[in-house]
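Listed here are the chains, written in short residue letters.
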Amino acid sequence: MRFPKLKKYYAGLYTLVPVNMNVPEYPPPKTLRKSDNGRGELGALKKSRVFNPYPDYSSDAYRSEWEGEYRQCSFGEGREAPEVRVFDGIPEGMPDAVIGSHRLLGLDDGVCFDRYGRLGSYGYGYTVEEGGLGVAVFDGGEREKEVEGAHGVGGFPLKRVDWKGVDWGVLQKECEIANKARFGEVKEGMLDHNLNPQQHKEKKEKKQKKKKKQRTAILLRTWTGYKYTANDIANLRSLITELSLLSGGEYTVHILVHVKAKYKDIFADKNLYQKTLIDSGLPKEFWGLAELWNEPLMKSIYAKVPDDSDDWKDMKHLPEDKLYLKLPMHDVYRSTFMPVQWFSQGHPEYEFVWNWEMDIRYTGHWYHLFSLLDEWTARQPRQGLWERSSRFYVPTIHGTWEEFVNSTASLTNTTILGPVPVEGLVPTLPNPPSGEGEPADLITLNPLFDPEHTTWILRNDIVGYPPSVPRRSAIITASRLSRRLLTAMHTENAKNGRTVFSEMFPGTVALHHGLKAVFAPHPVFVDRKWPPGFLEKTFNNGVDGLTGGRMQSVFGAREHNFRGSSWYYNAMFARQVYKAWASGEKGEEGEVDRLERGGRMCLKAMLVHPIKSESWEG
């Protein structure tokens, strides 16, 4: 309770104002914007509209640049395509992100998403009989009806899509086939990982002028026994719809199911494999997207990585930073990315893979986020990139992105440009290009910090490398990895028997192999009025104003500072604000009731994590 709590996240549709007129409750703006004397423009005068972040696939500009014809994908006979709706404007006083930035990445911070506009087409807000999920059924109070009435006869245009009998595996496969001409044909062994991106580009340009789209897999991580809520189902439907079907297959969603029963030889018996899938708890509509794996499979593929956990499991007095030794080396905790590497080896059609978690939500549009992350990270030059990617960007303190880039460069006399030497390791890219226009091999959503000398308890989980090998870590394993990076990680595990803890492994391999790694400064919100300067010092409290390299780092003993944020593994605020937004239930936000907040909540686009299914049924 050190700093006062913020309340305007919970403001509603009746107080919408244009974003350039908003005076955010926090952080304090550098220049005072004109307020509307506390009333704002009536939400009843605002109509929602369909939010469409996709390129104009039929335009001459698009067709002259990209190979193949975009084919609209079907959602099944008689089933309309879902839609995401937004309101122009934001509730008056809505806080800005204090870390990261919408505008820097190209995200629209001038619109807000309410729960029905965001999730309504995926079954949220209407009954099971209508093909919905039967949660948060739309009825609205009298004052809310004023807002819906702005749309005229029929009220709020909640597009009720009947999802009964949907088979996402079939729909996604049909979409892929229809759009096959847009994507390059990748065969096993086709990629030459010794070529840098510029050489790849020159090689392609000799053959063709138009570009082929590179395909990306979204790999959702779940496990047998997971309890799927209605909100989980709506979230999965939104990911598949917005990233895969509406984009014509630019992204493809796969669900990687961890089979916890280690004794089951599920890969030798097709019937047992299918029964395991059926009994896993995954709703039937998603079975066609699922692939199963288990720990024995990883142990057989990556047998060269030694597992000495049995030697430690009976030790009763291990210090906290050694407890990981009791866990099997090939389990999902210590080796999260082994199944991702295995998946990539079996799916050479994907140039990139997003490792994604079931407890992540986005109040905005998935395609808008992922496509802009792809583009922004590709534009980043390598000069000073490792240093920038090790800091939180706090616009109120750092100013513009250019000012942040310059201030970061002034903090240290050393910069990492190429691969960091490791004895006996031959880097993938010994002489990397400049980075501008080069797709990132690794995109993280938290800083890539140096764990050496921090209090992070997993910093010393190092196998096969020298004890103090240079390494980088990014907390939360949600990240995008290139096939080139995953191949290098696979080789380190399978051939060299080397690894480090899950959240260190991608960044460390990228560091050693000269690959491009970028922390994308997405918007992060906090629940209290931190003095901005104090917040910046707290989160960038590593060596030279970065985030790692010393005991005072926020990563480790000081991670409690993330609890009031919207994005971290222990972020309590993420669950509180998302629950209030998605369910309309009163949380602990300090307001009396929904009417006092001015109607339904309407949030800016924000990534929130963790949203645990067992902590909230909705």
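Note that the structure is predicted; figures quoted are calculated from it, not measured. (Residues numbered from 1 in each chain as written. Predicted model: local features only at pLDDT ≥ 70, side-chain atom pairs only at ≥ 80, totals over all residues. Heavy atoms only, no water.)

A. Structural view of the overall build of the protein chain. Tallying secondary structure elements over the protein chain gives 19 helices and 16 strands in all. Counting every position in the protein chain, which comprises 618 residues, the buried fraction comes to 60%. Considering only residue pairs separated by 6 or more positions, the protein chain has 81% of its internal contacts joining residues 24 or more positions apart. Surface accessibility of the protein chain: about 25,700 Å² in total, with carbon and sulfur atoms responsible for 52%. (Helix = DSSP H or I, 4+ residues; strand = E, 2+ residues; numbered from the N terminus. Buried < 20%, exposed > 50% of the residue type's maximum accessible area, 1.4 Å probe, protein only. Contact = heavy atoms within 4.5 Å. Areas by Shrake-Rupley, 256 points an atom, 1.4 Å probe, with all protein chains shown as cover.)

B. Representation of empty space enclosed by the protein within the structure. Counted by the stated rule, this structure contains ten cavities of 30 Å³ or more. Of the volumes computed, that of the largest cavity is approximately 70 Å³. In terms of lining residues, the largest cavity is bounded by Phe337, Leu442, Thr444, Leu448, Ala474, Ile476, Thr477, Ser479, Ser502, Glu503, Pro506 and Gly507. Going through the elements one at a time, β11 (442–444) and α16 (505–513) are the ones with two or more residues in the lining of the largest cavity. Tallied by class, residues from the lining of the largest cavity come to six nonpolar, five polar and one charged. (1 Å grid on protein atoms, 1.4 Å probe; cavity = no way out; pocket = protein on both sides within 12 Å on 5 of 7 lines; lining within 4 Å. Points joined across faces, edges and corners; volume = space filled by probe spheres on them. Nonpolar A, V, L, I, M, F, W, Y, C, P; charged D, E, K, R; others polar.)

C. Just the state of the cysteines, in detail. By the definition in use, this model includes two disulfides. Covalent S-S linkage joins cysteine 73 and cysteine 175, the inter-sulfur distance amounting to 2.0 Å. Taking the torsion about the sulfur-sulfur bond, which here is approximately 65°, the covalent link between cysteine 73 and cysteine 175 counts as right-handed. With cysteine 73 in the loop between α1 (60–65) and β3 (85–88) and cysteine 175 in helix α5 (residues 168–178), this residue pair connects regions lying 102 residues apart in the sequence. Summarising the burial analysis for this pair, cysteine 73 and cysteine 175 share the class buried. Between the sulfur atoms of cysteine 112 and its disulfide partner cysteine 602 the distance amounts to 2.1 Å. (Disulfide = S-S within 2.5 Å.)

D. Structural view of the environment of glutamate 83. Turning to its location among the elements, glutamate 83 is positioned in the loop between α1 and β3. As a C-alpha pair, glutamate 83 and phenylalanine 51 span 32 residues in sequence and 7.6 Å in three-dimensional space. Reaching out from glutamate 83, the side chain makes a polar contact with the side chain of arginine 85 at a distance of 3.0 Å. (Polar contact = N/O pair within 3.5 Å; in protein donor to acceptor, adjacent residues only side chain to side chain.)

E. Broad picture of the pairing of strand β8 (residues 290–293). Going residue by residue along β8, you find Ala290 and Leu292 tucked away on one face and Glu291 and Trp293 tucked away on the opposite face as well. Relative to β8, strand β7 (residues 251–258) runs parallel, the two being bridged by four bridges. Residue pairing in the sheet places valine 257 in a bridge with leucine 292 of β8. (Pairing = 2+ DSSP bridges.)

F. Representation of the layout of surface pockets in the model. In this structure, the second largest pocket occupies an estimated 940 Å³ of space. Every residue lining the second largest pocket is counted, 35 residues in all, and those nearest its centre are Tyr333, Thr336, Glu357, Thr477 and Lys612. Mapped by element, the contributors of at least two residues to the lining of the second largest pocket are β6 (216–223), β7 and β9 (352–357). The element best represented in the lining of the second largest pocket is β6, accounting for three residues. In terms of residue class, the lining of the second largest pocket is made up of 16 nonpolar, ten polar and nine charged.

G. Layout of unusual backbone geometry. In this structure, the amide linkage connecting tyrosine 26 to the following residue, proline 27, adopts the cis form with an omega of -15°. Relative to the assigned elements, proline 27 resides in the loop between β1 (16–17) and β2 (48–50). Proline 610 follows histidine 609 through a cis peptide bond whose omega is 5°. In this fold, proline 610 is placed in the segment after β16 (607–608). Positive phi values are uncommon outside glycine, yet histidine 453 reaches one of about 75°. For histidine 453, the location among the structural elements is in the loop between β11 and β12 (462–463). Classification of histidine 453 as exposed rests on a relative accessible area of 55%. Positive phi is not limited to glycine here, since isoleucine 476 has a value of about 80°. Within the secondary structure, isoleucine 476 sits in the loop between β12 and β13 (479–482). A relative accessible area of 6% means that isoleucine 476 is categorised as buried.

H. Looking closely at the packing of helix α7 (residues 230–245) against helix α11 (residues 366–379). Put simply, α7 and α11 touch, their axes get as near as 8 Å, and they point 55° apart. Judged by the inter-axis angle, α7 sits oblique to α11. Viewed along their axes, α7 and α11 form a crossing whose handedness is right-handed. Residues Asn235, Ser238, Leu239, Glu242 and Leu243 of α7 touch α11, and the partners they reach there are Trp366, Tyr367 and Phe370. Its residues assigned to classes, the contact of α7 with α11 shows five nonpolar, two polar and one charged. (Axes fitted to C-alpha atoms, helices over the stretch in contact; angles between N-to-C directions. Parallel < 35°, antiparallel > 145°, perpendicular 65-115°, else oblique. Left-handed = near helix turned anticlockwise from the far one by under 90°.)

I. Representation of the sheet that holds β3 within the structure. Strand order across the open sheet formed by three strands is β2-β3-β5, with antiparallel pairing between neighbours. Unpaired on one side and paired on the other, β2 and β5 (111–112) mark the two borders of the sheet. Bridging between β3 and β5 involves two bridges; their strand directions are antiparallel. By the bridge assignment for β5, aspartate 88 is matched with valine 111.

J. Representation of the pattern of salt bridges in the model. On inspection of all chains with the given rule, the structure shows 32 salt bridges. For the salt bridge of arginine 182 with glutamate 250, the shortest nitrogen-to-oxygen distance reads 2.9 Å. Here arginine 182, found in the loop between α5 and α6 (197–207), pairs with glutamate 250, found in the loop between α7 and β7; they are 68 residues apart in sequence, far enough to count as distant. Glutamate 250 shares its class with arginine 182; the two are buried. Each of Glu80, Glu83, Arg85 and Lys159 takes part in salt bridges that share partners, so that together they form one network. (Salt bridge = Lys/Arg side-chain N within 4 Å of Asp/Glu carboxyl O.)

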